[in-house]
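# Examination of the molecular architecture
Single-letter residue listing:
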Amino acid sequence: MRVSVSSPPRLHSPFIHSPVSYTQSSSRLRSPATCYPRIKAEVDTNTVVAISVGVASVALGIGIPVFYETQIDNAAKRENTQPCFPCNGTGAQKCRLCVGSGNVTVELGGGEKEVSNCINCDGAGSLTCTTCQGSGLQPRYLDRREFKDDD
């Protein structure tokens, strides 16, 4: 005895390559699990390039900050022993106004000269190094910056 099975409606779409179909073979119905529709996806080179650029952008957007964080953490663990460049590790710089003498000579005219203490260094002849703040060690890049919270 033959069993009559009405066929389901066929799907017509440009994206479906092989529509679902039920066929009868050797008096048994074919299992629906073996008849899947195939989705036809046309991928051109522009799509592949766009997807590749997107994946690379996400990877770099995550990778670069992680790299910098690990470098900052590693730098914080290392001891800083590099001497300061402007003061050669002394922590003090020669005063630019009195050129290290501590005194400023002013010619008043008529051959008169007045010698007074330097107002920039108060007669000391040197100032605290502004790069290392007197420590004598070259600060790391981020240590040189003063960050303010403007909130």
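The rules behind each value
- Residues numbered from 1 in each chain as written.
- Predicted model: local features only at pLDDT ≥ 70, side-chain atom pairs only at ≥ 80, totals over all residues.
- Heavy atoms only, no water.
- Helix = DSSP H or I, 4+ residues; strand = E, 2+ residues; numbered from the N terminus.
- Buried < 20%, exposed > 50% of the residue type's maximum accessible area, 1.4 Å probe, protein only.
- Contact = heavy atoms within 4.5 Å.
- Pairing = 2+ DSSP bridges.
- Phe/Tyr/Trp six-rings, centres within 6.5 Å; stacked < 30°, edge-to-face > 60°.
- Patch = residues over 30% accessible without salt bridge, like charges linked within 9 Å, V, L, I, M, F, W, Y side chains within 5 Å.
- Areas by Shrake-Rupley, 256 points an atom, 1.4 Å probe, with all protein chains shown as cover.
- Salt bridge = Lys/Arg side-chain N within 4 Å of Asp/Glu carboxyl O.
- UniProt positions renumbered as here; feature names shortened; annotations may be inferred.
- Polar contact = N/O pair within 3.5 Å; in protein donor to acceptor, adjacent residues only side chain to side chain.

## Re the overall build of the chain
Check the secondary structure of the chain and you find one helix and eight strands. Along the chain, helices (α) and strands (β) appear in the sequence β-β-β-β-α-β-β-β-β when read from the amino end. For the chain, with 151 residues in total, the buried portion stands at 11%. The contacts of the chain with a sequence gap of at least 6 include a subset with a gap of at least 24, amounting to 47%.

## Digging into the pairing of strand 7 (residues 112-117)
Successive side chains on a regular strand alternate, one facing one side of the sheet and the next facing the other. Little of strand 7 sits inside the fold, with zero of its six residues counted as buried. As paired elements, strand 6 (residues 103-109) and strand 7 share six bridges and run antiparallel to each other. When the bridges of strand 7 are listed, Asn 103 appears paired with Asn 117. Where strand 6 folds back onto strand 7 in an antiparallel hairpin, the turn is made up of two residues, including Gly 110, whose phi is positive at roughly 65 degrees.

## Points about the packing of aromatic side chains
Taken as a whole, this structure holds one aromatic pair when the rule is applied. Ring plane angle 70 degrees and centroid distance 5.7 Å describe the contact between Phe 67 and Tyr 68, whose orientation is recorded as edge-to-face. We classify Phe 67 as partly exposed; its relative accessible area is 46%. For Tyr 68, a relative accessible area of 52% puts it in the exposed group.

## As for a nonpolar patch on the surface
Taken together, Leu 60, Ile 64, Phe 67, Tyr 68 and Ile 72 make up a surface patch of nonpolar side chains, about 520 Å² in accessible area. Among the secondary structure elements, Phe 67 is positioned in helix 1 (residues 45-77).

## Regarding the environment of Cys 121
Mapping Cys 121 onto the fold places it in the loop between strand 7 and strand 8 (126-128). Sequence separation of Cys 121 and Lys 94 is 27 residues, and the distance between their C-alpha atoms is 9.2 Å. With near-sequence residues (within four places) excluded, Cys 121 lies in contact with Cys 95, Cys 98, Gly 102, Ser 126 and Leu 127.

## Some words on the UniProt feature "transmembrane region" (unreviewed entry) in the chain
UniProt's entry tags residues 48-68 with the feature "transmembrane region" (unreviewed entry), counted in the numbering of this structure. Taken end to end, residues 48-68 has its terminal C-alpha atoms 30 Å apart, with 100% of it in helix and 0% in strand.

## A short note on the side chain of Gln 138
Mapped onto the fold, Gln 138 is located in the segment after strand 8. Polar contacts involving the side chain of Gln 138 include one to the main-chain amide nitrogen of Phe 85, which spans 2.9 Å.

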